[in-house]
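Residue strings, one per chain:
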Amino acid sequence: MLNADALSQLRQLKTDIEAHKVVYSGTVKATSGRFGFVALDDGRDLYLPQEQMQRVLPGDRIEVIEHEGEKGKVFAEVDRLVESPLKTFVGRYQVRGKGHFVAPETPGLNHWLFIPPKQRGGAEPGDFIYCRLSRHPVKDGKGQASVIRVLGKPNQPGIERAFTLAQFDLNEAWPEDARKELEALGESQIEALAQQRVDRSADPFVTIDSPSTQDMDDALCAVPNATGWTLSVAIADPTALLSINGPVEREARDRATAIYFPGEPRPMLPDAISTQLCSLVPDTQRLAVVCDVQVNNDGSLGDFSLQEAVIRSHGKLSYDLVDGVIAGRSDDDIQALPDAIVASLDQVHQAASALRRWREEHALLNPDRPEFRLRLDENRRIRVIEPSEQNEAHRLVEECMVAANRCAARTLTENSPAGLFITHPGVRDDRIDNIRELLKRHAPDLAEVDPASPEGFRRIMRESEGVAAEVPVKAVVSRQLARAELAFSAAPHQGMGLPAYTTFTSPLRKYSDFQVHRLLRAALWGGQKSELSEQQLADLQQTQLNARKAAGSLEQWLKCLYAPQLGKDVHSGVISRATSSGFYVRLDSNGIEGFVSTKDMKGKYSFDPVTLSLSGPNDRVFLLDQPVHVTLAGIDNDRRQILFTLHPEAADNNSAA
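Residues numbered from 1 in each chain as written. Predicted model: local features only at pLDDT ≥ 70, side-chain atom pairs only at ≥ 80, totals over all residues. Heavy atoms only, no water.

Peer 1: Break down the packing of aromatic side chains for me, with residues and values.
Peer 2: Tallied over the full model, the rule gives 12 aromatic pairs. Where F101 meets W112, the ring centres are 5.9 Å apart and the plane angle is 50°; that geometry is what we call tilted. Here the residue F101 occupies a position in strand β7 (residues 99–104), and W112 occupies one in the loop between β7 and β8 (113–114), the gap between them amounting to 11 residues. Ring geometry for F128 and F163: centres 4.9 Å apart, planes at 70°, overall edge-to-face. Taken together, the residues span a long stretch of sequence, with F128 in strand β9 (residues 128–135) and F163 in helix α3 (residues 159–167) at a distance of 35 residues. One exposure class covers both F128 and F163, and it is buried. Taken together through their ring pairs, the aromatic side chains of F35, F37 and Y47 make up a single cluster. Sitting over the face of the ring of Y24, R44 holds its NZ or CZ atom 5.1 Å from the ring centroid. (Phe/Tyr/Trp six-rings, centres within 6.5 Å; stacked < 30°, edge-to-face > 60°. Helix = DSSP H or I, 4+ residues; strand = E, 2+ residues; numbered from the N terminus. Buried < 20%, exposed > 50% of the residue type's maximum accessible area, 1.4 Å probe, protein only. Lys NZ or Arg CZ within 6 Å of the ring centre and 35° of its normal.)

Peer 1: Explain the pattern of salt bridges to me, using residue names and the numbers behind them.
Peer 2: All chains considered together, the criterion is met by 48 salt bridges. Put simply, E251 and R255 hold a salt bridge, and the shortest N to O gap is 3.0 Å. Taken together, the positions of E251 and R255, both in helix α6 (residues 247–255) and four residues apart, correspond to about one turn of that helix. Per residue, the accessibility class of E251 equals that of R255, and both read buried. Close ionic contact of E414 with R410 constitutes a salt bridge, the shortest N to O distance being 3.0 Å. (Salt bridge = Lys/Arg side-chain N within 4 Å of Asp/Glu carboxyl O.)

Peer 1: Outline the nonpolar core, listing residues and values.
Peer 2: Among the nonpolar cores identified, the biggest contains 80 residues, and I208, L220, L231, I273 and F504 are the most heavily contacted of them. If you tally residues by element for this core, the top one is helix α11 (residues 392–415), at 11 residues. Core analysis: the next-biggest nonpolar cluster, separate from the first, contains 32 residues, A550, A551, Y562 and V630 among them. (Core = buried A, V, L, I, M, F, W, Y, C linked by side-chain atoms within 4.5 Å.)

Peer 1: Kindly report on the pairing of strand β24 (residues 593–597), identifying the contributing residues and their values.
Peer 2: β24 sits mainly inside the fold: four of its five residues count as buried. Bridging between strand β23 (residues 582–587) and β24 involves five bridges; their strand directions are antiparallel. Bridged to F583 within β24 is V596. Taken together, β23 and the strand that follows it, β24, pair antiparallel across an intervening segment of five residues, in which G591 is found at a positive phi of about 75°. Where β24 lies against strand β29 (residues 641–646), two bridges are found, and the strand directions are parallel. (Pairing = 2+ DSSP bridges.)

Peer 1: Quick one: what's the story with the environment of P125, residue by residue and with numbers?
Peer 2: As for its placement among the helices and strands, P125 is situated in the loop between β8 and β9. Between the alpha carbons of P125 and R96 there is a distance of 9.7 Å; along the sequence they are 29 residues apart. Leave out the neighbours within four places in its chain, and P125 touches Y93 and V95. (Contact = heavy atoms within 4.5 Å.)

Don't take any of this as a statement about function, it's just geometry.
In structure tokens:
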């Protein structure tokens, strides 16, 4: 037995060790395996072996001690948990022996968590469940969870959507105080506000949308003049009805955007606002912000004005119908349109065509990408995937919206001390050197152009498309762009080739557009100021990103369930992305993307980060946008990834051409 002096010495020794040990702070990075890494704040990555990875969760902020193991391999030992962002998660309820667990479906969380008897919430084996982390595994690697809600069984209709909502912590129900605010609103409020506004009801405004659209937030008309056209863009005005920072607006800000899940969207604003009181439904007076802009014959923008108005849509038109009007078809439904609407649509089309020519010459246009519609069956699974062709009417609406948004950006720049803009920095900072090397190798005429500057980026994107090179230079550059960002100050939107840009044309669907309406009202019409904080702006941007991830996650899950219908047929597609382990192919017929692994091909392949291509034996090269033929190899249900195999004939004939 140790005496008091010995115990005191041991305690002092432990204190001395604690005081002198070197710890490093970092964030846990998971992998597809049982091990992981900690990204240290000093820029290094330290290996986390399996027994240490069992004690942490993806995204945890931790402190570690650096050790040197066998053969000089350096690894990290977890010393202390600083913060864990993972509070809730989804997974499958599993029973092993007498133990009840949740198998999380959080990327990188590869171990099961025990669920104590009183925390099981009536879940049954195989159920999808929504859980709360009740005990972090940092002490001994044995984490625990409690069931918040049973989401349903794997074959339950709509379980994929319910699971995705829980996975991304997306609520469907509206708070009680928001419902009370809605109850106080009605047509009488619109009538009262309409008396204070310019009456534009006689103008031949029409909406142009898909037939199923109910939240119609823009309408168009145009008249010719001596130097071009006066284009009028009317935008729904929900900010006029809703109280500043009231319950409905707070919830809309938390949601950030409508999410167009297949089959059943999740709206940003309640239906009472988005599809009824503020939707620009035909033959009904509606509040709007109208942008009247001079479009010159060369497509440049002249003088413009914004005004609070009341309008009446003279028709809910589909893209196909308007495309028929433009093409001069004589269908019965076209013949039934009033002459004033047909004449206005003709002028809108001429103005939009001029606007597009101007952007082709002075800015940047995004190429039309094939789009597809997922049609669901009674079980809310994909029944069929149909192509959604972009016709002239789609381009007409796009040009009119871009023009109105440019006017809003200029208004904020000139009249508002704090605006809300969409900026785009062009190429990612960490890819600039790769782009320079790409131009040097494959577009020498552009080698001296600076890809980091707005002028240089615009020139590269405009001139690289026609470059005769072994690799598709423009496609490679396009895959290495930064994300667009929200900002309080105007800055170039390099992706569009514009010096400043914002959006206000979708206030029923995007909170950033809703907020721009608030700012315009304060700047132009004496409205109450409503500004976001830096943290609110960051949260808004992150929520928008999460919404896109949620929509993509659900769509990919449904496509994985649909993919077996591809059968053993050979399908044509193009390479959409390449990695060091293979490449993704997007099918021409339905837009489904699947992965082709180099493990399934003979020989060793190397990835070129400059050209984003894969090279292998016999001069095989796989490039972006390269046509290939594939067959379905299977589904990785754990990763929700569709797997393709390169068709033997395509593999044998493949070359860099």
